[in-house]
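# A structural walkthrough
Here are the chains, one letter per residue:
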Amino acid sequence: MTHINNILNKKTLDQTDIISLLKGNKDEEITRLFRRAYDMKEAYIGKKVHYRGIIEFSNICQKNCFYCGIRIDNNRVTRYRMTDNEIREAAIFAYESGYGSIVLQGGEIKSKRFTDYITKLVRIIKKASNDKLGITLSLGEQSLDTYQKWFDAGAHRYLLRIETSNDKLYRQLHPPDHDFHERYHCLEKLRKIGYQVGTGMMIGLPNQTPGDIADDILFMKKIDVDMIGMGPFIPHNETPLRDSIKNFESKKAEQLKTSLKTIAITRLLLKDINIAATTALQALDPIGREKGIQAGANIIMPNITDKKYRESYKLYEDKPCMDENSSMCKKCLETRISSVNEAIGYNEWGDSPHFFKRTE
Ligand code: SAH
Ligand code: SF4
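The rules we used
- Residues numbered from 1 in each chain as written.
- Chains lettered and ligands numbered in written order.
- Predicted model: local features only at pLDDT ≥ 70, side-chain atom pairs only at ≥ 80, totals over all residues.
- Heavy atoms only, no water.
- Near = heavy atom within 4 Å.
- 1 Å grid on protein atoms, 1.4 Å probe; cavity = no way out; pocket = protein on both sides within 12 Å on 5 of 7 lines; lining within 4 Å.
- Sits in = over half its atoms within 2 Å of the grid points.
- Polar contact = N/O pair within 3.5 Å; in protein donor to acceptor, adjacent residues only side chain to side chain.
- Areas by Shrake-Rupley, 256 points an atom, 1.4 Å probe, with all protein chains shown as cover.
- Nonpolar A, V, L, I, M, F, W, Y, C, P; charged D, E, K, R; others polar.
- Helix = DSSP H or I, 4+ residues; strand = E, 2+ residues; numbered from the N terminus.
- Expected span 1.5 Å × (residues − 1).
- Buried < 20%, exposed > 50% of the residue type's maximum accessible area, 1.4 Å probe, protein only.
- Axes fitted to C-alpha atoms, helices over the stretch in contact; angles between N-to-C directions.
- Left-handed = near helix turned anticlockwise from the far one by under 90°.
- Contact = heavy atoms within 4.5 Å.
- Pairing = 2+ DSSP bridges.

### Some words on the site of ligand 2
Residues in close proximity to ligand 2 include Cys61, Lys63, Cys65, Tyr67, Cys68, Ile70 and Arg71, which together make up its full environment. Put simply, ligand 2 lies in the largest cavity.

### Overview of the site of ligand 1
The full set close to ligand 1 counts 17 residues, and Tyr67, Gly106, Arg161, Glu163 and Ile234 are the nearest of them. Separating an oxygen atom of ligand 1 from a side-chain N or O atom of Arg161 is a distance of 2.8 Å. Between ligand 1 and Arg183, the relevant distance is 3.1 Å, taken from an oxygen atom to a side-chain nitrogen or oxygen of the residue. Expressed as a share of its isolated accessible area of 550 Å², the protein-covered part of ligand 1 is 92%. More than half of the atoms of ligand 1 fall within 2 Å of the grid points belonging to the largest cavity. When its residues are assigned to classes, the shell around ligand 1 shows nine nonpolar, four polar and four charged.

### Details of helix H9 (residues 210-222)
The first and last C-alpha atoms of H9 sit 18 Å apart over 13 residues, in line with the 18 Å expected at 1.5 Å per residue. Three or more residues of H9 are buried, namely Gly211, Asp212, Ile213, Ala214, Asp216, Ile217, Phe219 and Met220. In the segment just after H9, Asp224 is the residue with positive phi, at about 60°.

### Quick look at the packing of H9 against helix H10 (residues 248-269)
Contact pair H9 / H10: the axes reach a minimum separation of 10 Å and the direction vectors enclose 35°. Taken as a pair, H9 and H10 cross one another with a handedness that is right-handed. On H10, the residues that touch Ile213, Ile217, Leu218, Met220 and Lys221 of H9 are Thr258, Thr262, Ile265, Thr266 and Leu269.

### Observations concerning the environment of Pro286
Here Pro286 is to be found in the loop between helix H11 (279-284) and helix H12 (288-294). Along the primary structure Pro286 and Ser58 are separated by 228 residues, whereas in three dimensions their C-alpha atoms are 26 Å apart.

### Observations regarding the sheet that holds strand S3 (residues 101-106)
Taking strand neighbours across the sheet as the criterion, the seven strands line up as S2-S3-S4-S5-S6-S8-S10 in an open arrangement whose pairing is parallel. Unpaired on one side and paired on the other, strand S2 (53-58) and strand S10 (274-275) mark the two borders of the sheet. Examined bridge by bridge, strand S4 (residues 134-138) and strand S5 (residues 157-159) share two bridges and lie parallel to one another. Directly across from Thr136, in S5, lies its bridge partner Arg157.

Written out as structure tokens, the structure is:
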């Protein structure tokens, strides 16, 4: 305990400190870590959670990431793309529910047609919400020109997870033509344009060590990100990594614990950024997202995708809320968030305070 206390009292944490915190397994130590991270979140962000209504508008993807349920080689999944009108309706639902922001997420497609299509969607969403909804995009690696077009159309945040900051591990998780350096370069392009930049990684990947996770956190600090979306790796049955973690069922609790510790440590190092309590936490524990908030996260992404498409956007197994519609999600979340004594920042964008500080 003294050892952990000493670490928590340090001004900055190095790789060794982070590894010690990740490995600390005594309940009282973990509780102390979460408490410290939560206090940090309260001091820098307040006792408030902001929403990003997520529209998973299409599962058509040109890439073949070994972990993902909608990779191009999975021919067992029914491919879909929501209509413009369905996307507009989802955005209006978010706007009228006071969500403040939406995330438009989908598979990665690189083409002029796709660039123009997304530009059009961003404009539709802005218009449908009288310019009020904030828009985050999560559409993978694109050219500077494409990112710029989407920014000019009105998107102001972009989420592109680095997945792992370990180049070697990255190569084990992707086919040879998926390039770690290009992904990193995309983060630089986004920053140059003026987006609020979000990244993150999967936690508990096969062959990932506590040292790797510590390096991921330090990497995100070094590149000075504004927002983070990270969560547990959960094997998908129709992917090459289906059996990559033996007895996954028995490891779920450990996987959740490591993810929550990672959120907490990240908050201690990156004090004023937005950190999402991602849906994957809830796949491991019915109250996983609430636990994420209590460990220092401040963003929740309610699913506002039309119910009929949800089954086809399973990036991983056990994804929650598959049979709920958007208004059920809304009610259920309100109850969950008040259960941890947090307020919801309705009708606010809830931008990352860090972004304003670094661009001052
Ligand atoms: N195509 C875009 C956005 C959709 S994928 C992109 O790749 O950036 C969004 C995220 O889902 C990915 O970044 C990845 O971290 C996560 N993901 C995919 N498969 C997963 C799995 N099996 N377990 C946990 N997260 C997964
Ligand atoms: Fe496509 Fe993203 Fe899944 Fe990779 S993680 S296969 S880019 S949807």
